[in-house]
Amino acid sequence: MMKRAIWILIIAGMCLSLCACSKSEAATKVDNMISEIGEVTLESGAKITAAEEAADELKESEYKQLEQISVLKEARKTYDQLMEEKRIEENKAAIAELESAIDSIGTVTLEQESVISDIRKQYNRANKEVQAGVSNYKMLEQAEEQLSNLKVQNVINLIDQIGQVTLNSEEAINAAKSTYNKLSSDEKTRVTNYDSVEAASQKLQELKMEKRVKNIVRVTKLQVSKPDSAGGVDIFFGFRNMSDKVIKYITFEVVPYNAVGDIVYCDIRDYSNFRGQATGPYAQGQGLTGNHDWYWANAWYNSTIASIQLKGIDIEYMDGTSVSLSGNELNYVIY
């Protein structure tokens, strides 16, 4: 019985020893993952990271069972060193590429704007180490400054080239304004003659308005009679149709002034502005002479009326279309 009890104790001890020394399945899996890393290269990053993450998830007792943990740590060290060497080489290559691009700029012209802009973008995208390593960066800044001066001077020249504004100046004006709008805010402040292109643009619009209005109607007479004994004042309004459409109705609006330039009113009807209408048809070149054979009698009753001013013209054509003239447009109907 004694011998039997001793054997039982021996067997139990052996079992406990075997249980204590056996490696868990999780630890075995991690060791296998480490073994699969093999020779460390720049492509080993994913395997190394996966093994590290798996090792970190082990229980402390399982982590202690790892047989390849030192291999994993050495793999990480080697991989990081390879990555650092790669980073250094890539930085050197990027620096060399930028320096070569800057050196190739040469004499700065307006045609090199896109080239210089691309180099600037390339430099700005580079990391700080690459930027700090570009030995000829000052050349890039100088090229940008020279280009900026050329762009500003080009706009100044384009504006100067507009010269006397005519209806044929639109292309030159638009070219100057378009080129100006492409400048930076700082560059725009250095265009010393920009007021000239604004004035030219305004003058062009006036010329266009003049041409358009003169092709609509011409007012050949705009006068008032002397007040009669009752204070009645007549209007003499003459016009000529300058368009290729036939006028059906033409309505004009005028306002009276006294000798000192004040607006006056009709003493009887108590209005100032008067609207008169003539009925067509009036073909191109036709109209009213505005003489005594056709006028608007007693438009007002006011003995102080000395002159009138045109305020508007409304024209209705036989084809159903219409046009109205007012404001600055009226500057071009009397000539």
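Everything that follows concerns the structure shown earlier in this document.
This text gives an overview of the structure that appears in the document. Everything quoted here is computed from the prediction, not taken from an experiment.

### Observations regarding the nonpolar core
Okay, so step 1: Formed by 35 residues in total, the largest nonpolar core has its most connected members in Ile-235, Trp-300 and Ile-313.
Okay, so step 2: Setting aside its immediate chain neighbours within four residues, Ile-235 contacts Gln-223, Val-224, Phe-252, Val-254, Phe-274, Tyr-295, Trp-296, Ala-299, Trp-300 and Ile-308.

### A closer look at the sheet that holds strand β7 (residues 305–317)
Okay, so step 1: Strand order in this open sheet of four strands is β4-β3-β7-β8, and the pairing throughout is antiparallel. This sheet does not close on itself; its edge strands, each paired only once, are β4 (274–282) and β8 (322–326). Neighbouring strand axes in the sheet, compared pairwise and without regard to direction, differ in orientation by 25° on average.
Okay, so step 2: Bridge analysis of strand β3 (residues 247–258) against β4 gives seven bridges, and the strand direction is antiparallel. By the bridge assignment, Ile-247 is partnered in β4 with Tyr-282.

### Some details on the side chain of Ser-24
Okay, so step 1: Mapped onto the secondary structure, Ser-24 falls in the loop between α1 (2–21) and α2 (25–35).
Okay, so step 2: For Ser-24, a relative accessible area of 18% gives the class buried.
Okay, so step 3: Separated by 3.1 Å, the side chain of Ser-24 and the backbone nitrogen of Ala-27 make a polar contact.
Okay, so step 4: Leave out the neighbours within four places in its chain, and Ser-24 touches Glu-62 and Gln-65.

### A look at the pairing of β7
Okay, so step 1: Note: β3 against β7, 11 bridges, orientation antiparallel. If you follow Glu-253 over to β7, its bridge partner there is Gly-312.
Okay, so step 2: With five bridges connecting them, β7 and β8 associate as antiparallel partners. Across the sheet, residue Glu-316 finds its bridge partner in β8, namely Ser-322.
Okay, so step 3: Between β7 and β8, which pair antiparallel and follow one another directly, the connecting turn spans four residues, one of which, Gly-320, has a positive phi of 95°.

### Points about the side chain of Asp-234
Okay, so step 1: With respect to the element layout, Asp-234 can be found in strand β2 (residues 232–241).
Okay, so step 2: Buried charged residue Asp-234 carries no salt bridge. Nearest counter-charge: Arg-269, at 8.7 Å.
Okay, so step 3: Within the local environment of Asp-234, its side chain forms a polar contact with the backbone nitrogen of Asn-298, the two atoms lying 2.6 Å apart.
Okay, so step 4: When near neighbours in sequence (up to four residues on either side) are disregarded, Asp-234 contacts Gln-223, Val-224, Ser-225, Tyr-295, Trp-296, Ala-297 and Asn-298.

Procedures and definitions
- Residues numbered from 1 in each chain as written.
- Predicted model: local features only at pLDDT ≥ 70, side-chain atom pairs only at ≥ 80, totals over all residues.
- Heavy atoms only, no water.
- Core = buried A, V, L, I, M, F, W, Y, C linked by side-chain atoms within 4.5 Å.
- Buried < 20%, exposed > 50% of the residue type's maximum accessible area, 1.4 Å probe, protein only.
- Contact = heavy atoms within 4.5 Å.
- Pairing = 2+ DSSP bridges.
- Helix = DSSP H or I, 4+ residues; strand = E, 2+ residues; numbered from the N terminus.
- Axes fitted to C-alpha atoms, helices over the stretch in contact; angles between N-to-C directions.
- Polar contact = N/O pair within 3.5 Å; in protein donor to acceptor, adjacent residues only side chain to side chain.
- Lys, Arg positive; Asp, Glu negative; His and termini not counted.
- Salt bridge = Lys/Arg side-chain N within 4 Å of Asp/Glu carboxyl O.

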